[in-house]
Amino acid sequence: MAQYDYDLFVIGAGSGGVRAARLAAELGARVGIAEEYRIGGTCVIRGCVPKKLLVYGSHYRTEFADARGYGWTCNDLRFDWPTLIGNVRREVDRLNGVYTRTLERAGVARFMTHAVLEDAHMVHLGAGNAGVSAKTILIATGSHPMVPEFPGREHVISSNQCFELEQLPGSIVIIGAGYIGMEFASIFRGCGVAVTVLYRGNQVLRDFDGDLRDGLAEALRNRGIDLRMDTDVASVEKERDCYRVHLKRGGSVSADLVMVATGRVPTTSSLELERVGVALGPNGEIVVDEFSKTSVENIYAVGDVTDRKNLTPVAIHDANAFAETLFNNKPTPVDYSFIPTAVFSEPEIGTVGLSEEKARGTGAAIDIYKTSFRPLRSMVSGRDEKMLMKLVIDMKTDRVLGVHILGPDAAEIVQMAAIALRLGVTKAELDKTMALHPSAAEELVTLRHKWEAPTPVAGSDAAA
Ligand SMILES: Cc1cc2nc3c(=O)[nH]c(=O)nc-3n(C[C@H](O)[C@H](O)[C@H](O)COP(=O)(O)OP(=O)(O)OC[C@H]3O[C@@H](n4cnc5c(N)ncnc54)[C@H](O)[C@@H]3O)c2cc1C
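Quick notes on the rules
Residues numbered from 1 in each chain as written. Predicted model: local features only at pLDDT ≥ 70, side-chain atom pairs only at ≥ 80, totals over all residues. Heavy atoms only, no water. Helix = DSSP H or I, 4+ residues; strand = E, 2+ residues; numbered from the N terminus. Rg over C-alpha atoms; globule rule 2.2 N^0.38 Å. Buried < 20%, exposed > 50% of the residue type's maximum accessible area, 1.4 Å probe, protein only. Contact = heavy atoms within 4.5 Å. Areas by Shrake-Rupley, 256 points an atom, 1.4 Å probe, with all protein chains shown as cover. Near = heavy atom within 4 Å. Polar contact = N/O pair within 3.5 Å; in protein donor to acceptor, adjacent residues only side chain to side chain. Nonpolar A, V, L, I, M, F, W, Y, C, P; charged D, E, K, R; others polar. Axes fitted to C-alpha atoms, helices over the stretch in contact; angles between N-to-C directions. Parallel < 35°, antiparallel > 145°, perpendicular 65-115°, else oblique. Left-handed = near helix turned anticlockwise from the far one by under 90°. Pairing = 2+ DSSP bridges.

Caption draft 1: Structural context of the overall build of the protein chain. Check the secondary structure of the protein chain and you find 14 helices and 21 strands. Computed over its C-alpha atoms, the radius of gyration of the protein chain comes to 24 Å, within 12% of the 23 Å expected for a compact globule of 464 residues. C-alpha atoms of the protein chain, sized along the principal axes, occupy 80 × 65 × 45 Å. Classification of the 464 residues of the protein chain by burial places 51% in the buried group. In the protein chain, the proportion of contacts linking residues at least 24 apart, taken out of those at least 6 apart, comes to 62%. Accessible surface, the protein chain: about 22,200 Å² in total, of which carbon and sulfur atoms supply 51%.

Caption draft 2: Structural detail: the site of the ligand. Near the ligand there are 38 residues, and of these Gly16, Glu35, Thr42, Lys51 and Asp304 occur at the shortest range. One of the backbone nitrogen or oxygen atoms of Gly16 is found 2.8 Å away from an oxygen atom of the ligand. The separation between an oxygen atom of the ligand and a polar main-chain atom of Leu311 is 3.3 Å. Here the ligand has 1,000 Å² of accessible area as a free molecule, and 95% of this is covered by the chains. Contributing elements (two or more residues each) for the shell around the ligand: helix H1 (15-26), helix H2 (41-46), helix H3 (48-67), helix H6 (179-190) and helix H9 (312-327). Here the shell around the ligand is built from residues that sort into 15 nonpolar, 16 polar and seven charged.

Caption draft 3: Focus on the packing of H3 against H6. Close contact between H3 and H6 brings their axes to 7 Å; oriented N to C, the two are set at 40°. Considering their axes alone, H3 and H6 lie oblique with respect to each other. When you trace H3 past H6, the crossing you get is left-handed. For the pair H3 and H6, contact is made by Lys51, Leu54, Val55, Ser58 and Arg61 and by Tyr179, Glu183, Phe184, Ser186, Ile187, Arg189 and Gly190, respectively. Taken together, the residues that form the contact of H3 with H6 break down as five nonpolar, three polar and four charged.

Caption draft 4: Inspection of the sheet that holds strand S9 (residues 194-198) at higher detail. Pairing is parallel across the open sheet formed by four strands, whose spatial order is S10-S9-S8-S14. The sheet terminates laterally at strand S10 (226-228) and strand S14 (257-260), the two strands that pair on one side only. Sheet twist, expressed as the mean angle between neighbouring strand axes with direction ignored, is 15°. As defined by bridge partners, strand S8 (residues 171-175) adjoins S9 across five bridges and the pair is classed as parallel. Looking at the pairing, Val173 lines up with Thr196 of S9. Where H6 meets the sheet, it contacts S8, S9, S10 and S14, and its direction lies at approximately 165° from that of S9.

Caption draft 5: View of the sheet that holds strand S11 (residues 233-238). Spatially, the three strands line up as an open sheet ordered S11-S12-S13, and their pairing is antiparallel. In the strand order of this sheet, the two ends are held by S11 and strand S13 (252-255), each with one partner. The mean inter-strand angle of the sheet, taken between neighbouring strand axes irrespective of direction, is 20°.

Structure below.
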């Protein structure tokens, strides 16, 4: 008789957990999985997928406006949020079914309940389930929105509740200017909401390339979003028919709804990991080695709960490497080089590799190539918005260290650029690549002139 109920027990059926459970089962392991909310996790239920559908929905405002220059008359335009959110929810339900059937087909036993570790091999399951034992335990519990401590925090919503809104607010204050804040600011603005963003830092999108940050902030302001930097929130107060956000430096902003997008924290606090001796980092994240193994020999962790790179493809990559290592006898360390990432704001950002600031921080001598132009499409639509493309090049090796794009289709272009960067593409090889004309992406292979920092004019502090 087997010593344990399962070879592998997974806690959390999100991107990482579902992938690891399915692969291990397909490789012959006896696998169980616990999920306390809905199978599919953040990405499918209240993250990437429903968010991207809302992004598509919100883009029509721009499309209709731009269509006029192309001869279309768009009279009597109306937008109905209940239709959009209803259709998004239907797609989420469909995907939830797809993920559930994937586990079923692979023979993974499902427990729809909260799970807690009892010891290194025992998992306690709530809702009347008996505990289960497993040789290996994988923690894939993801992360959840962080709501800062300030008076009135009970009045604010997070991205989770955005997918549950039955009616669109007339106005919203978004606290935070990371990628989720920027995406929802664009979604709400596109749907016709008056949007104010409050952020205590001095520019949106900390850690992104400086030119992208400045370019996006300018574009969002031009689209009517009230971006207020260096602005910290003191408290939120409920008034009769709105919420008032009081600012630390004095003054206030009122809106129908207040959303926080101030980051996410790993979901570890309810797992009772201390009891088992699983080491946690300063942010509550599970500390793991390159094979995703925790400080306890048979316990592993993948995805957001390890707070390495909090993106769906990374959680899936962690899970693939974990299954290969443990159940296919192929030790596979995780590899985080050249992860492409997007911000689905309007306009969109796509970025891969080192920002100019990070590249300079490594001490490497770098060249910058960049261009800013109005895309062809805007010439006829009349949209006055620039697209930005930037390359960071290692002067010594000529290798492309980073590609940064702001503008239409940036994410699609950068996914392809990531392949080239992984293969070690040099600037000379980009130059040899035939352009595809007319496209925006052709700029990446036709950039010929190094960008020179403007020389300050004597007697003036204005940049040329
Ligand atoms: C609004 C938003 C937009 C995003 N957009 C993108 C994007 O465009 N691209 C991208 O790559 N990434 C995006 N992400 C990030 C992406 O969703 C996550 O990186 C990814 O889902 C992490 O997968 P995971 O498996 O680690 O965790 P999750 O997908 O969060 O899954 C964890 C699961 O564990 C369950 N769970 C937690 N604790 C327990 C417990 N004790 N017992 C049982 N079950 C438990 C949870 O209910 C959850 O279902 C976005 C995130 C958000 C919030």
